[in-house]
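Reading the structure
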Amino acid sequence: TDYLSDDTAAAIRANRHRPFFLYLAYNAPHTPFQATKADYAALGAIHDQRLRVYGAIVRALDRGVGKVMAALRAQGLDHDTIVIFANDNGGAWYAGLDNINKPYRGWKGTFFEGGIRTPFFVRWPARIAAGQRISEPAHFIDVLPTLAAAAGAPLPSGRVIDGINLLPFATAHTPPIKRTLFWRSGSYEAVRDGARSAERRVGTECSSRWSPYH
């Protein structure tokens, strides 16, 4: 985690004079559940051993995100850089923490909200007002058209683009639109259509929310 954070800060400094796209895929929190002695020691108020280690891993992640944001500020890029903070799945069952996705049920690998309802924050001070909370469901498939629109780049031709540009909902107060979202893992499938949702094999509500932040 620390290596990825340091390398990302270095990449920001190296590309400060030209537009760049940076995809930072942290492996934390993830197995193996290992933390530095310093992060572990900082959480002495947590008595549960497993929770303390997990918390120490998240502490390193938080520190890393702070280092990346500090690098943007130091290079004068903070105001006009889009930052998206998101996760591809909920907490995993093998973490051994019963309330890891509370109040949602389910885990990573399931289509309950504990598996697919995750953080999705967007920050762009030059264009997006702080403190908004958007009710429009969002999905990772929306990242490509959103960033392409922000950069003024055309979308690839000759193929169907399933995602949508999210910027109008945050910058122009565009009302929500009806969307049908799908999830599939082998024969395990789910669909969310407006306010309705259905899942093959198990019943659930499948949804996500996103929030621009400052």
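First, a word on what this report is: a plain description of the structure on this page. Just so we're clear, the structure is a prediction, and the values are computed from it rather than from any experiment.

1. Description of the overall build of the protein
When helices and strands are counted, the protein shows six helices and six strands. Each helix (α) and strand (β) of the protein, taken in turn from the N terminus, gives the series α-α-α-β-α-β-α-α-β-β-β-β. When its C-alpha atoms are laid out on the principal axes, the protein stretches across 50 × 50 × 30 Å. The long-range fraction of contacts in the protein, counting pairs at least 24 apart against all pairs at least 6 apart in sequence, stands at 57%. Accessible area for the protein stands at about 12800 Å²; split by element, carbon and sulfur atoms hold 55% of it. Looking at charge distribution, the protein has the averaged site of its 26 positive side-chain charges lying 1 Å from that of its 18 negative ones.

2. Observations regarding helix α1 (residues 2–14)
A rise of 1.5 Å per residue sets the reference length of α1, with its 13 residues, at 18 Å; its end C-alpha atoms lie 18 Å apart and thus fit the reference within 8%. Taken as a whole, α1 has its buried residues at Ser5, Thr8, Ala9 and Ile12. Projected down its long axis, α1 shows its buried positions confined to an angular sector of 100°, all on one face. Across α1 from its buried face, at more than 90 degrees, point the exposed residues Tyr3 and Ala14. Buried-residue contacts for α1 involve α3 (49–74).

3. Some details on the packing of aromatic side chains
Inspection of the entire model under this criterion finds six aromatic pairs. On the basis of an interplanar angle of 45° and a centroid distance of 6.4 Å, the ring pair of Phe85 and Phe121 is categorised as tilted. Of this pair, Phe85 sits in strand β1 (residues 83–86) while Phe121 sits in strand β2 (residues 120–123), placing them 36 residues apart in sequence. Following the ring pairs from residue to residue traces out a cluster consisting of Phe33, Tyr54, Trp93 and Tyr94. One residue, Arg52, lies across the ring of Tyr40, its end atom 3.8 Å from the ring centre.

4. Brief notes about the pattern of salt bridges
Under the counting rule described, the total for this entry stands at seven salt bridges. Among the salt bridges present, the one from Arg179 reaches Asp142, with a minimum N-O distance of 2.9 Å. Here Arg179, found in the loop between α6 (167–171) and β3 (180–185), pairs with Asp142, found in the loop between β2 and α5 (143–151); they are 37 residues apart in sequence, far enough to count as distant. Pair check on accessibility: Arg179 and Asp142 agree, each one buried. Taken together, the salt bridges that share partners define one network made up of Asp2, Asp39, Arg59 and Arg63.

Thresholds applied
- Residues numbered from 1 in each chain as written.
- Predicted model: local features only at pLDDT ≥ 70, side-chain atom pairs only at ≥ 80, totals over all residues.
- Heavy atoms only, no water.
- Helix = DSSP H or I, 4+ residues; strand = E, 2+ residues; numbered from the N terminus.
- Contact = heavy atoms within 4.5 Å.
- Areas by Shrake-Rupley, 256 points an atom, 1.4 Å probe, with all protein chains shown as cover.
- Lys, Arg positive; Asp, Glu negative; His and termini not counted.
- Charge placed at Lys NZ, Arg CZ, Asp CG, Glu CD.
- Expected span 1.5 Å × (residues − 1).
- Buried < 20%, exposed > 50% of the residue type's maximum accessible area, 1.4 Å probe, protein only.
- Arc of directions from axis to C-beta.
- Phe/Tyr/Trp six-rings, centres within 6.5 Å; stacked < 30°, edge-to-face > 60°.
- Lys NZ or Arg CZ within 6 Å of the ring centre and 35° of its normal.
- Salt bridge = Lys/Arg side-chain N within 4 Å of Asp/Glu carboxyl O.

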